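One letter stands for each residue in the lines below.
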Amino acid sequence: MALPVAADKGFGKTRQIYWGLLVFVFYYLLILRLADYNREAFLTALFGFAFGYILQRSRFCFAAGFRDIFMIRNTIVTRAILLLLLLTSIGFFLVNQMGGSDISAGGIIYPVGLHTVFGGVIFGFGLVIAGNCVSGCLMRMGEGYLMQWFTFIGLMVGSALGAWNLGWWGPQVIEHSPQVFIPDHLGWFTTITVYIAVIAVIYCLLLWYERGTIKSALSLSFSGASLYSSIKLMGQMLFAGRNWSYILGAVALSLTNILIFYFWGRPGAITGGLTHLAGWLSCRVGFLPCDWYYFNKLIYLESRRIFLEHPLLYMSAGIVLGSFFASLLHREFRIRQPKSYKFVISALVGGTLLGYSSRVAMGCNFGGFWGGVSSFSLHGWVFGIFIFLGAYLGGKFFMRYLV
Amino acid sequence: MDHPIDSMGDICPIPIIKIEKKLKEVRVSDRIILESDHSCSTSSVVDHFKMKYGYPVEVIKVDEGVWQIIITKNS
């Protein structure tokens, strides 16, 4: 069997870098315009672009973190996500202590209850068959994967369904569920200590599960030579187009989220914005989303915004553009076709499940899980745990029908 | 001997599953060459076989957004 792409098709003579610079100019003009009339959207577009760039360079994939444990007994990405959670939590705590922003006021702290459990399981199942989570979907749309554009269609349909269906979940479940802001119950000092301890224990358990030993977590060597080689490696990652390690990705992503929290007062999130886009599209095709519970009655929607002016929508657009720019700059952009029609169907179905469940659970992997855990809200943890359960079930389905 | 695997258009974690399946069939010092357009696989496949199996792994970019990942079964 011959491999379809030959090595000598004139590779190296292409102009992707120039297209990349053009994308950057377009983006620059866009945020310049936003800075004039919508400061919130300016900030989210600014940091969204950074998110997209970092996600593309580090290939940081939340879906892999939830799925690879079960499917290939690999915990590299899961452990990077733990580092991400730890760094972001500490950062949010510090911002809070410095008086920059009040977590309980600006953080992602939502009710935790049956809807979180249900949403988590469906979300986990959806991310395995879609092949990505919500941030991964946006990142790959920017890299030219056609499959993820189908996932995005699914996300729109699912978000609209979820926003409408909250009419049931809201009065029946969410309104009776408590918001649990952990420092209210444990105090700040204990909360941070428990966070560090829990994350360290899970880290070691995962390493032990993967390799049968935790030696590599305990043997950190600090010699001059290893310092020099890691600085050199870092230089190659940042400036010479080498893939960023998952660790560097986690550090950069958490720094970006801490900066957003500091400047904007809220952590980064995605699906709130996507749901507003879905609401706008629903209007276009003749529905009346303004009557839906999510847009009409949800108390967490601090102000009634016009659909297309929701700041998180600009964060999503920023992620797609940032990833598009990063892949062009490193000559990695390509229109990628899925291998079989089965993947198109799984992308559509998976995307719908992701959109629906992130509405029911009140957030996706980005805002709900990462932002929730880092804002010290219990719902983030519960959502995360049940994503694992859903990913386990999704993995079984995947191996049976999609491999 | 070299064993090519065509993984263009596959989604994660199918490239890794395909390689693991192939590794069971091939002999020591054989090479597996996976061709993929999935950018994530240049990190995930490489880390998986380097860190978990300890095999030498090499990545060659053969076109825009297409890579060949070469894994040598050394034990």
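Preceding this section is the structure that the text describes.
Right, let's walk through the structure included here. (Residues numbered from 1 in each chain as written. Chains lettered and ligands numbered in written order. Predicted model: local features only at pLDDT ≥ 70, side-chain atom pairs only at ≥ 80, totals over all residues. Heavy atoms only, no water.)

Some remarks on the overall build of chain B
The helix and strand tally for chain B stands at 2 helices and 4 strands. In chain B, the order of α-helices and β-strands from amino to carboxyl end is β-α-β-α-β-β. For chain B, the spread of C-alpha atoms along the three principal axes comes to 30 × 25 × 20 Å. Looking at the 75 residues of chain B, the share that counts as buried comes to 65%. In chain B, the share of contacts with a sequence separation of at least 24, taken over all contacts with a separation of at least 6, comes to 63%. A total accessible area of about 2,800 Å² is found for chain B, and carbon and sulfur atoms account for 51% of it. Computed over 10 positive and 12 negative side-chain charges, the inter-centroid distance for chain B is 8 Å. (Helix = DSSP H or I, 4+ residues; strand = E, 2+ residues; numbered from the N terminus. Buried < 20%, exposed > 50% of the residue type's maximum accessible area, 1.4 Å probe, protein only. Contact = heavy atoms within 4.5 Å. Areas by Shrake-Rupley, 256 points an atom, 1.4 Å probe, with all protein chains shown as cover. Lys, Arg positive; Asp, Glu negative; His and termini not counted. Charge placed at Lys NZ, Arg CZ, Asp CG, Glu CD.)

Concerning the packing of helix α1 (residues 14-25) of chain B against helix α2 (residues 41-53) of chain B
Residues and elements named next belong to chain B. Close contact between α1 and α2 brings their axes to 10 Å; oriented N to C, the two are set at 40°. The pairing of α1 with α2 is recorded here as oblique in orientation. In the crossing of α1 with α2, the sense of the turn from one axis to the other is right-handed. Across the interface between the two elements, P15, I16, I19, E20 and L23 from α1 touch S44, V45, H48, F49 and Y53 from α2. A class-by-class count of the residues in the contact of α1 with α2 yields 7 nonpolar, 2 polar and 1 charged. (Axes fitted to C-alpha atoms, helices over the stretch in contact; angles between N-to-C directions. Parallel < 35°, antiparallel > 145°, perpendicular 65-115°, else oblique. Left-handed = near helix turned anticlockwise from the far one by under 90°. Nonpolar A, V, L, I, M, F, W, Y, C, P; charged D, E, K, R; others polar.)

Quick word on the sheet that holds strand β3 (residues 57-63) of chain B
Residue and element names in this part refer to chain B. Pairing is mixed in the open sheet, where 4 strands are placed in the order β1-β2-β4-β3. If you trace the sheet from one side to the other, it starts and ends with β1 (2-6) and β3, each paired once. Averaged over all neighbouring strand pairs, the angle between strand axes comes to 20°, with direction disregarded. Sheet analysis places β3 next to strand β4 (residues 66-72), joined by 6 bridges and oriented antiparallel. Bridge pairing links V57 to I71 in β4. Those strands touched by α2 are β2 (31-36), β3 and β4, and its axis lies near 5° from that of β4. (Pairing = 2+ DSSP bridges.)

Considering a nonpolar patch on the surface
Residue and element names in this part refer to chain A. Side chains of F150, I153, V157, L161, W164, Y341, I345, L348 and V349 sit close together on the surface and give an oily, nonpolar patch of about 850 Å² of accessible area. If you list the elements that add at least two residues to the nonpolar patch, you get α8 (146-172) and α17 (341-360). For the nonpolar patch, the leading source of residues is α8, giving 5 residues. When you line up the elements, I153 lands in helix α8. (Patch = residues over 30% accessible without salt bridge, like charges linked within 9 Å, V, L, I, M, F, W, Y side chains within 5 Å. Salt bridge = Lys/Arg side-chain N within 4 Å of Asp/Glu carboxyl O.)

Quick word on helix α16 (residues 311-329) of chain A
Residue and element names in this part refer to chain A. Between the first and last C-alpha of α16 there are 27 Å, a value that for 19 residues agrees with the 27 Å anticipated at 1.5 Å per step. Among the 19 residues of α16, 15 are classified as buried, and the element is accordingly described as predominantly covered. Taken from the residues just after α16, R331 is the one with a positive phi, measuring 50°. (Expected span 1.5 Å × (residues − 1).)

Some details on the interface of chain A and chain B
At the junction of the two partners, chain A supplies 44 residues and chain B supplies 36 residues. Summed over both sides, the interface between chain A and chain B buries roughly 3,400 Å², with carbon and sulfur atoms accounting for 58% of that surface. Linking chain A to chain B there are 2 salt bridges. With a closest N to O distance of 3.5 Å, D63(B) and R334(A) form a salt bridge. (Buried area = accessible area lost by both parts, 1.4 Å probe.)

Let's talk about the packing of helix α6 (residues 114-130) of chain A against helix α19 (residues 378-401) of chain A
Residue and element names in this part refer to chain A. One way to put it is that α6 packs onto α19 with a least axis distance of 6 Å and a crossing angle of 40°. One finds that α6 runs oblique with respect to α19. As for how α6 packs across α19, the hand of that crossing is right-handed. Looking at the contact of α6 with α19 residue by residue, the class counts come to 16 nonpolar, 8 polar and no charged.

Remarks on the packing of aromatic side chains
Residue and element names in this part refer to chain A. Taken as a whole, this structure holds 33 aromatic pairs over all chains when the rule is applied. Here the aromatic rings of F62 and W370 are separated by 6.1 Å at their centres, their planes lie at 40°, and the arrangement is tilted. You can see F62 sitting in helix α3 (residues 62-71) and its partner W370 sitting in helix α18 (residues 365-374), a full 308 residues away along the chain. Each of the two residues, F62 as well as W370, counts as buried. Three or more aromatic residues joined by ring pairs make a cluster, and in this case those are F24, Y27, F49, Y53, W244 and F325. One cation-aromatic arrangement involves R73 over Y209; the distance from NZ or CZ to the ring centre is 4.2 Å. The cationic tip of R79 hangs over the ring face of Y203; the distance from NZ or CZ to the ring centre is 5.5 Å. (Phe/Tyr/Trp six-rings, centres within 6.5 Å; stacked < 30°, edge-to-face > 60°. Lys NZ or Arg CZ within 6 Å of the ring centre and 35° of its normal.)

Description of the environment of A326(A)
Residue position: A326(A) is located in helix α16. In the structure, A326(A) is positioned 154 residues away from Q172(A) in sequence and 44 Å away in space, judged by C-alpha atoms.

Description of the nonpolar core
By size, the foremost hydrophobic cluster in this structure holds 131 residues, and its most contacted members are F60(A), F62(A), F152(A) and I19(B). Ranked by residue count, the leading element in this core is helix α4 (residues 76-97) of chain A, at 11 residues. The contacts of I19(B), once residues within four sequence positions are left out, are I5(B), I32(B), L34(B), V45(B), F49(B) and I71(B). (Core = buried A, V, L, I, M, F, W, Y, C linked by side-chain atoms within 4.5 Å.)

Quick look at the side chain of T191(A)
Position of T191(A) among the secondary structure elements: in helix α10 (residues 188-211). The exposure class of T191(A) is buried, given its relative accessible area of 1%.

Observations regarding the pairing of β4(B)
All names here are of chain B. Taken across its 7 residues, β4 has 6 buried, putting it largely inside the fold. Relative to β4, β2 runs antiparallel, the two being bridged by 6 bridges. Bridging from a neighbouring strand, L34 pairs with I69 of β4. Where β3 folds back on β4, the antiparallel hairpin that results is connected by 2 residues, among which G65 adopts a positive phi of roughly 70°.

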